[in-house]
Amino acid sequence: MLKNIGIIGAGQMGCGIAHVSAAAGYRVHIYDLSQDRIESGLATINGNLARLVTNGKMSDEERKSTLSRITGSADVNDLAPSDLVIEAATEDESVKRKIYSQVCPVMKPEALLATNTSSLSITRLAAATDRPERFMGIHFMNPVPVMKLVELVRGIATDEKTFSAAKEFVGTLEKTITVAEDFPAFIVNRILLPMINEAIYTLYEGVGTVDAIDTAMKLGANHPMGPLQLADFIGLDTCLSIMQVLHDGLADSKYRPCPLLVKYVEAGWLGRKSGRGFYDYRGEVPVPTR
Ligand SMILES: CC(=O)CC(=O)SCCNC(=O)CCNC(=O)[C@H](O)C(C)(C)COP(=O)(O)OP(=O)(O)OC[C@H]1O[C@@H](n2cnc3c(N)ncnc32)[C@H](O)[C@@H]1OP(=O)(O)O
Ligand SMILES: NC(=O)C1=CN([C@@H]2O[C@H](COP(=O)(O)OP(=O)(O)OC[C@H]3O[C@@H](n4cnc5c(N)ncnc54)[C@H](OP(=O)(O)O)[C@@H]3O)[C@@H](O)[C@H]2O)C=CC1
């Protein structure tokens, strides 16, 4: 029975996973590199919980008790009591491998370790841990409090007990699971990211402006967000990493990341989280950058 959930990374996904886990009654501890990151993450969670209170979807008592179940620190040792640690750090294999080398010695031997990776090989990441049989992918969608799906991905060594525990955990969060095999970017991103990359090529080749492309897909295909707006929402660094994993892992030129996506990431224009991407978010309303 899982009680204590550890989260690595106080970014948009780590905070979302902390939010839904604490709301379901788990004790949650978030670890990130700096206390500033933790503080801004906790403020984001509080803001999202407060919005639920305003909309009558949660009582103020529930908001307070949810928040009281979440702690955070920049000390990896504080993950020691966790029954399940979910790593939601930057989408970079070397970063994740380094994290596992630091967190595994701290964790209880029987505890489970999961990654929220969007695309990386679960089997390869598992091999960088001391517990490949108790390691798997638990892939939440953004924004976590709203999106109903969680992809579960086993590595070659993941044991049945770990898979069942993950399935039960996700069930208690009232999410629906889908099971994907361990291939680059699994199901959702294997389909979604080439569409986003194609939208960026459409911009790059001058077929349409940012506004034209997003309006076309919102009104012409009934997507809740245009593909460039969604790319900014996901984070352009994450989008590029996923395309690189697809390109390298499937060795097919159809997954070539658009050079314009590369340029935006090189500029540090990472989308909403950095204040600028295909839109500029620094003013009152988002303004297209092309
Ligand atoms: C990259 C990966 O590995 C995998 C992925 O996650 S890919 C990305 C998958 N996600 C998507 O495709 C999201 C597409 N977009 C959408 O579905 C919608 O635009 C959206 C749900 C994000 C927002 O919907 P909307 O109707 O425009 O916004 P809005 O009415 O303001 O919000 C709807 C609800 O979502 C909640 N919400 C919106 N944004 C939120 C956020 N960032 N965090 C938490 N909650 C949020 C709000 O509480 C709101 O509920 P209320 O109406 O009760 O206030
Ligand atoms: N964005 C999305 O739509 C989705 C993303 N994901 C996946 O979730 C993961 C996180 O993505 P997301 O939340 O968007 O990314 P963010 O950039 O918002 O957050 C990543 C967080 O990880 C922190 N971090 C980096 N290195 C370390 C480290 N060594 N130890 C602890 N924390 C660290 C970062 O800190 P700092 O900023 O200081 O570097 C940052 O707070 C990725 O694997 C991504 O692919 C999965 C589903 C959807």
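Residues numbered from 1 in each chain as written. Chains lettered and ligands numbered in written order. Predicted model: local features only at pLDDT ≥ 70, side-chain atom pairs only at ≥ 80, totals over all residues. Heavy atoms only, no water.

As recorded in an unreviewed UniProt entry, the protein goes by 3-hydroxybutyryl-CoA dehydrogenase and comes from Rhizobium binae. Word for word, the UniProt comment on the protein under Sequence similarities (unreviewed entry) is "Belongs to the 3-hydroxyacyl-CoA dehydrogenase family." (UniProt positions renumbered as here; feature names shortened; annotations may be inferred.)

Taken together, 26 residues form the shell around ligand 2, and within it Asp 32, Glu 91, Lys 96, Ser 118 and Ile 234 come nearest. At 3.1 Å from an oxygen atom of ligand 2 is found a main-chain nitrogen or oxygen belonging to Ala 89. When ligand 2 is considered free in solution it has 900 Å² of accessible area, and contact with the protein chains removes 86% of it. By residue number, the principal contributor to the shell around ligand 2 is helix α4 (residues 93-103), which donates 3 residues. A breakdown of the residues in the shell around ligand 2 according to their chemical character gives 11 nonpolar, 10 polar and 5 charged. When residues of the shell around ligand 2 are sorted by domain, at least three fall in each of domain 1 (4-180) and domain 2 (189-288). (Near = heavy atom within 4 Å. Polar contact = N/O pair within 3.5 Å; in protein donor to acceptor, adjacent residues only side chain to side chain. Areas by Shrake-Rupley, 256 points an atom, 1.4 Å probe, with all protein chains shown as cover. Helix = DSSP H or I, 4+ residues; strand = E, 2+ residues; numbered from the N terminus. Nonpolar A, V, L, I, M, F, W, Y, C, P; charged D, E, K, R; others polar. Domains from an automatic or database assignment.)

Turning to unusual backbone geometry, a few remarks are in order. Negative phi is the rule for most residues except glycine; trans is the rule for most peptide bonds. Look at the link from Asn 142 to Pro 143: it is a cis peptide, with omega at 0°. Relative to the helices and strands, Pro 143 is located in the loop between β6 (135-140) and β7 (149-154). Despite not being glycine, Glu 174 has its phi angle at roughly 60°, a positive value. Take Glu 174: it is sitting in the loop between α6 (160-172) and β8 (176-180). For Glu 174, a relative accessible area of 66% gives the class exposed. (Buried < 20%, exposed > 50% of the residue type's maximum accessible area, 1.4 Å probe, protein only.)

The subject of this paragraph is the UniProt feature "domain: 3-hydroxyacyl-CoA dehydrogenase C-terminal" (unreviewed entry) in the protein. Under the feature "domain: 3-hydroxyacyl-CoA dehydrogenase C-terminal" (unreviewed entry), the UniProt entry names residues 186-281. As annotated, residues 186-281 comprises 62% helix and 2% strand, and the C-alpha atoms at either end are separated by 31 Å.

According to the domain assignment, the protein consists of domain 1 (4-180) and domain 2 (189-288). For domain 1 and domain 2, the distance between their C-alpha centroids amounts to 26 Å. In total, domain 1 and domain 2 occlude about 710 Å² of area from one another, counting both sides; carbon and sulfur atoms represent 55% of this. Put simply, domain 1 and domain 2 have 0 salt bridges between them. (Buried area = accessible area lost by both parts, 1.4 Å probe. Salt bridge = Lys/Arg side-chain N within 4 Å of Asp/Glu carboxyl O.)

Spatially, 8 strands are ordered β3-β2-β1-β4-β5-β6-β7-β8 in an open sheet, and the strand pairing comes out mixed. Strand pairing shows two members of the sheet lacking a second neighbour, β3 (70-73) and β8, which therefore form its edges. Averaged over all pairs of adjacent strands, the angle between strand axes in this sheet comes to 25°, irrespective of strand direction. The pairing of strand β4 (residues 84-87) with strand β5 (residues 112-115) spans 4 bridges and is classified as parallel. What sits directly across from Val 85, in β5, is Leu 113. (Pairing = 2+ DSSP bridges. Axes fitted to C-alpha atoms, helices over the stretch in contact; angles between N-to-C directions.)

Residues at a pLDDT of 70 or more form 100% of the protein, whose mean pLDDT is 98. Per the prediction output, this complex has pTM 0.97; the corresponding ipTM is 0.94. (pLDDT = per-residue confidence, 0-100.)

Once that is clear, we can look at the packing of aromatic side chains. For the structure shown, the criterion picks out 6 aromatic pairs. An aromatic cluster of three or more residues is present, and its members are Tyr 264, Trp 269 and Phe 278. Above the face of the Phe 163 ring, Arg 154 is positioned so that its terminal group lies 3.6 Å from the ring centre. (Phe/Tyr/Trp six-rings, centres within 6.5 Å; stacked < 30°, edge-to-face > 60°. Lys NZ or Arg CZ within 6 Å of the ring centre and 35° of its normal.)

This next bit is on the nonpolar core. Here is a general trend for soluble globular proteins: nonpolar side chains tend to be buried in one another's company. If you look at the biggest cluster of nonpolar residues, it comprises 35 residues, and the most contacted ones within it are Ile 5, Val 28, Ile 30, Ile 86, Ile 138, Phe 140 and Phe 169. The leading source of residues in this core is helix α1 (residues 12-23), at 6 residues. Aside from chain neighbours lying at most four places away, what touches Ile 5 is Tyr 26, Arg 27, Val 28, His 29, Ser 82, Leu 84, Ile 86 and Phe 169. Grouped together as the second largest cluster of nonpolar side chains are 28 residues, Leu 228, Leu 230, Leu 236 and Leu 260 included. (Core = buried A, V, L, I, M, F, W, Y, C linked by side-chain atoms within 4.5 Å. Contact = heavy atoms within 4.5 Å.)

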